[in-house]
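Examining the three-dimensional arrangement
Listed below are the residues making up each chain.
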Amino acid sequence: MLNFTLNENQRMIADMIRDFGAKEITPFRKDWDDKQHFPIELFKKLGQLGLMGVLVPHEYGGAGFGYFEYVTAIAELAKLDPAIGLSMAAHNSLCTNHILMFGSEEQKQKYLPKLATCEWLGAWGLTEPNTGSDAGNMRTVAKKDGDYYIINGAKNFITHGFSGDVAVVIARTGEIGDSHGMTAFVVEKGTPGFRGGRKEDKLGMRASETAEMIFEDCKVHESQVLGEVGEGFIQSMKVLDGGRISIAALSLGIAEGALEASIQYSKERQQFNQPISKFQGISFKLADMATQVEAASLLTFKAADLKNRGEKVTLEGAQAKYYSSEVAVSVSNEAVQIFGGYGFTKDYPVEKYYRDAKLCTIGEGTSEIQKLVISREVLRK
Ligand SMILES: Cc1cc2nc3c(=O)[nH]c(=O)nc-3n(C[C@H](O)[C@H](O)[C@H](O)COP(=O)(O)OP(=O)(O)OC[C@H]3O[C@@H](n4cnc5c(N)ncnc54)[C@H](O)[C@@H]3O)c2cc1C
């Protein structure tokens with residue numbers, strides 16, 4: 001049966017994040033954004049709150065929640081600072097979830113408790129300088145050498161590529177063009193031949209670290225392979241199916257934050273001796289924004305519901321991600337318009353939503369790639 005109200009856990013998580021964020025995020029977010037500072041210490045605190053292992057079962061030290069709670073947590077963090085939401089989502093959905101979904105029992109015991117508390121920060125490397133959307137064409141290679149693999153190549157645009165303590169890395173172990181020719185490895189910081197590279201200077205999401213990962217004759221024992229050799233790319237597509245729900249949630253939080261700020265501002269700002277909300281030109285914008293946010297929420301929670309029930313979410317995850325991310329961009333754009341000149345300044349939160357939102361139509365598969373996935377799925381029916 002459909003239920004459109006937040007469950008008790010979701011309410012508890014939302015309240016907890018609002019209380020925590022008022023002290024630990026809101027006062028600092030502008031400074032982090034201006035200086036492009038990645039507040040790693042904040043993520044340790046989020047780890048203590050259970051937010052860095054939301055989907056990790058209790059037996060591995062996580063919060064043991066499902067996707068409803070996960071969506072709520074990301075959206076609430078995104079309202080406060082989308083960059084913090086992005087880093088939290090990448091740590092949970094990509095690195096941690098890849099190990100949870102495909103790791104051996106020994107690997108889960110070793111990595112998940114440390115990731116769930118953020119004693120170790122996670123990174124996940126699929127993208128390379130020349131292969132983003134076309135990730136299956138990657139050039140980073142892992143060559144077998146006795147009981148080891150020697151990894152050479154570079155990954156770029158990796159969230160926590162520099163500061164991550166443990167990274168899941170996909171490298172080629174077979175022929176180019178073979179979707180079964182790539183393998184996932186867990187590589188720990190400090191492994192000789194593995195280092196973080198250049199940090200990107202970004203338009204938005206500036207408090208979330210995005211950096212290169214470089215592999216130069218990096219020797220990794222075969223026990224660090226996740227799942228089967230040759231299955232890394234297929235695993236990644238499954239990880240991304242769930243990951244896209246988290247980018248939909250991130251988008252939802254941005255759109256909700258921009259909408260709330262716009263409603264409040266439009267009631268306060270007076271022009272022509274009345275609040276600007278009285279002008280139909282503004283109130284109709286709010287009507288469109290509110291309706292788009294609602295539709296984005298329904299798509300996102302539908303995908304979350306399917307995921308909770310263990311069903312395939314390739315179509316629904318892509319639809320939620322595609323629609324919600326485009327809504328985040330359009331709603332934050334309208335929010336800047338409603339704020340007028342003040343919306344163009346850093347004194348109000350909407351210019352940051354506007355800059356941060358754009359990442360959502362790019363990361364974990366661009367809008368064009370989501371349309372590719374969606375059309376492939378609907379044509380299959
Ligand atoms: C802040 C940030 C964080 C990131 N974090 C991570 C991370 O943690 N791990 C990771 O592995 N990656 C990460 N990425 C990489 C991200 O997933 C890629 O940037 C994204 O998949 C797009 O790849 P690209 O940048 O190479 O663009 P390209 O693939 O070069 O695309 C360029 C343009 O061409 C379009 N295009 C490409 N192929 C097609 C097609 N077949 N049909 C129609 N249009 C097409 C795209 O939609 C886009 O508009 C991150 C990126 C950013 C910006």
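Now for a quick tour of the structure. Everything numeric in this text was worked out from a predicted model, so none of it was measured.

As for the overall build of the chain
- When you go through the chain residue by residue, the secondary structure sums to 11 helices and 10 strands.
- For 381 residues, the compact-globule formula gives about 21 Å, and the C-alpha radius of gyration of the chain, at 21 Å, lands near that figure.
- For the chain, the C-alpha atoms occupy an extent of roughly 80 × 50 × 40 Å along the three principal directions.
- When each of the 381 residues of the chain is scored for burial, the buried share is 54%.
- The long-range fraction of contacts in the chain, counting pairs at least 24 apart against all pairs at least 6 apart in sequence, stands at 75%.

What to know about the packing of helix α3 (residues 40-48) against helix α5 (residues 82-102)
- In the contact formed by α3 and α5, the axes pass within 11 Å of each other and the chain directions differ by 60°. One way to sum up the angle between α3 and α5 is to call them oblique. Judged by the twist between their axes, the crossing of α3 over α5 is right-handed. Contact with α3, carried on its side by Leu42, Phe43 and Leu46, involves Ile84, Ser87 and Met88 of α5 and no other residues of that element.
- In the contact of α3 with α5, the residues fall into 5 nonpolar, 1 polar and no charged.

A short note on α5
- Its 21 residues give α5 an end-to-end C-alpha distance of 28 Å, which sits within 8% of 30 Å, the value for a rise of 1.5 Å per residue.
- Taking the largest bend as the criterion, α5 deviates by roughly 40°, centred on Thr96.
- Within α5, 19 of the 21 residues are buried, which leaves it mostly tucked inside the rest of the structure.
- Backbone nitrogen of Ala83 and a side-chain oxygen of the N-cap are separated by 2.9 Å at the start of α5; the cap is Asp81.

What to know about the pairing of strand β4 (residues 166-172)
- Among the 7 residues of β4, 7 are classified as buried, and the element is accordingly described as predominantly covered.
- Side chains Val166, Val168, Ile170 and Arg172 project from β4 onto one buried face, and the interleaved Ala167, Val169 and Ala171 project onto a second face that is buried too.
- With 4 bridges connecting them, strand β1 (residues 122-125) and β4 associate as parallel partners. Each residue of the ladder has a partner; that of Gly122, found in β4, is Val166.

Some words on the nonpolar core
- Counting residues in each nonpolar core, the largest one holds 64 residues, and the members touching the most others are Ile25, Leu46, Tyr70, Ile84, Met88, Leu250 and Ile254.
- Counting residues per element, the ones that place at least two in this core are α1 (8-24), α3, α4 (67-80), α5, α7 (232-268), α8 (280-308), α9 (314-343) and α10 (350-360).
- No other element matches the 12 residues that α7 contributes to this core.
- Those residues within four positions of Ile84 in sequence are excluded, and the remaining contacts are Ile25, Trp32, Pro39, Leu42, Phe43, Leu46, Leu77 and Ala207.
- Counting residues in each nonpolar core, the second largest holds 26 residues, with Val56, Tyr60, Ala184 and Val186 among its members.

Side note on α3
- Those residues of α3 that fall on the buried side of the exposure criterion are Leu42, Phe43, Leu46 and Gly47. Buried residues of α3 fall within an arc of 150° about the axis and therefore sit on the same side.
- Elements in contact with the buried residues of α3: α1, α2 (29-35), α4, α5 and α6 (105-116).
- Of the residues trailing α3, Gly50 is marked for its positive phi of about 90°.

A look at the side chain of Ser325
- Structurally, the position occupied by Ser325 is in helix α9.
- For Ser325, a relative accessible area of 0% corresponds to the buried category.
- Of the polar contacts made by the side chain of Ser325, one reaches the backbone oxygen of Tyr322; its length is 3.1 Å.

Some points on unusual backbone geometry
- The backbone of Phe157 shows a phi angle near 60°, a positive value even though the residue is not glycine.
- If you trace the backbone, Phe157 turns up in strand β3 (residues 148-159).
- Judged by its relative accessible area of 52%, Phe157 falls in the exposed class.
- Backbone geometry places Asp217, a non-glycine residue, at a positive phi of 50°.
- Taking relative accessible area as the criterion, Asp217 reaches 53% and is therefore assigned exposed.

Quick notes on the rules
Residues numbered from 1 in each chain as written. Predicted model: local features only at pLDDT ≥ 70, side-chain atom pairs only at ≥ 80, totals over all residues. Heavy atoms only, no water. Helix = DSSP H or I, 4+ residues; strand = E, 2+ residues; numbered from the N terminus. Rg over C-alpha atoms; globule rule 2.2 N^0.38 Å. Buried < 20%, exposed > 50% of the residue type's maximum accessible area, 1.4 Å probe, protein only. Contact = heavy atoms within 4.5 Å. Axes fitted to C-alpha atoms, helices over the stretch in contact; angles between N-to-C directions. Parallel < 35°, antiparallel > 145°, perpendicular 65-115°, else oblique. Left-handed = near helix turned anticlockwise from the far one by under 90°. Nonpolar A, V, L, I, M, F, W, Y, C, P; charged D, E, K, R; others polar. Expected span 1.5 Å × (residues − 1). Bend = angle between axes of the 7 residues up to and from the residue. Polar contact = N/O pair within 3.5 Å; in protein donor to acceptor, adjacent residues only side chain to side chain. Pairing = 2+ DSSP bridges. Core = buried A, V, L, I, M, F, W, Y, C linked by side-chain atoms within 4.5 Å. Arc of directions from axis to C-beta.

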